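So the chains spell out like this:
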Amino acid sequence: MKPIVEFCISNIVNGAQQSFEKLDRDPNLDVLEYGCLSYCTKCSEGLYALVNGEIVEADTPEELTDKVYQFIEENPLF
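Residues numbered from 1 in each chain as written. Predicted model: local features only at pLDDT ≥ 70, side-chain atom pairs only at ≥ 80, totals over all residues. Heavy atoms only, no water.

## Section: the pairing of strand 1 (residues 4-8)
Regular strands place their side chains on alternate faces of the sheet.
And step 1. Burial runs high along strand 1: four of the five residues are buried.
And step 2. What joins strand 1 to strand 2 (residues 30-34) is helix 1 (residues 9-24), and the crossover it makes is right-handed.
And step 3. By the bridge criterion, two bridges tie strand 1 to strand 3 (residues 47-51) in an arrangement that is antiparallel. Looking at the pairing, V5 lines up with V51 of strand 3. (Buried < 20%, exposed > 50% of the residue type's maximum accessible area, 1.4 Å probe, protein only. Helix = DSSP H or I, 4+ residues; strand = E, 2+ residues; numbered from the N terminus. Right-handed = clockwise from strand over helix to strand, strands pointing away. Pairing = 2+ DSSP bridges.)

Below you can see the structure in the form of structure tokens.
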């Protein structure tokens, strides 16, 4: 089973696009985008993604990508 990384389309538009695209190219991840993930406060405050159901936040797209990979490494599925 691959790690699941979920993005809100509004957060992608607000700055997470680069992170989304980079993670989406990784064949070891399932990257999904939704119209809304119901974390509107998080979405308005900065960049975030849900990784296996847990919120990962960052200030820049590069930092978000790094934090997603770090989270996956520190929290393996198996």
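## Overview of the pattern of salt bridges
And step 1. Summed over the entire model, instances satisfying the criterion amount to two salt bridges.
And step 2. K42 serves as the salt-bridge partner of E57, at 3.5 Å between the closest nitrogen and oxygen. Here E57, found in strand 4 (residues 54-58), pairs with K42, found in helix 2 (residues 40-45); they are 15 residues apart in sequence, far enough to count as distant.
And step 3. With relative accessibility at 37%, the residue E57 sits in the partly exposed group.
And step 4. Judged by relative accessible area, K42 falls into the partly exposed class, the value being 28%. (Salt bridge = Lys/Arg side-chain N within 4 Å of Asp/Glu carboxyl O.)

## Section: the nonpolar core
And step 1. In terms of nonpolar packing, the biggest core is built from 17 residues, with V5, F7, L23, V31, V51, L64 and V68 touching the most fellow members.
And step 2. Elements with a contribution of two residues or more to this core: strand 1, helix 1, strand 3, strand 4 and helix 3 (61-74).
And step 3. With near-sequence residues (within four places) excluded, V51 lies in contact with I4, V5, V56, V68, F71 and I72.
And step 4. In this structure, C8, C43, Y48 and L50 belong to the second largest nonpolar core, which totals five residues. (Core = buried A, V, L, I, M, F, W, Y, C linked by side-chain atoms within 4.5 Å. Contact = heavy atoms within 4.5 Å.)

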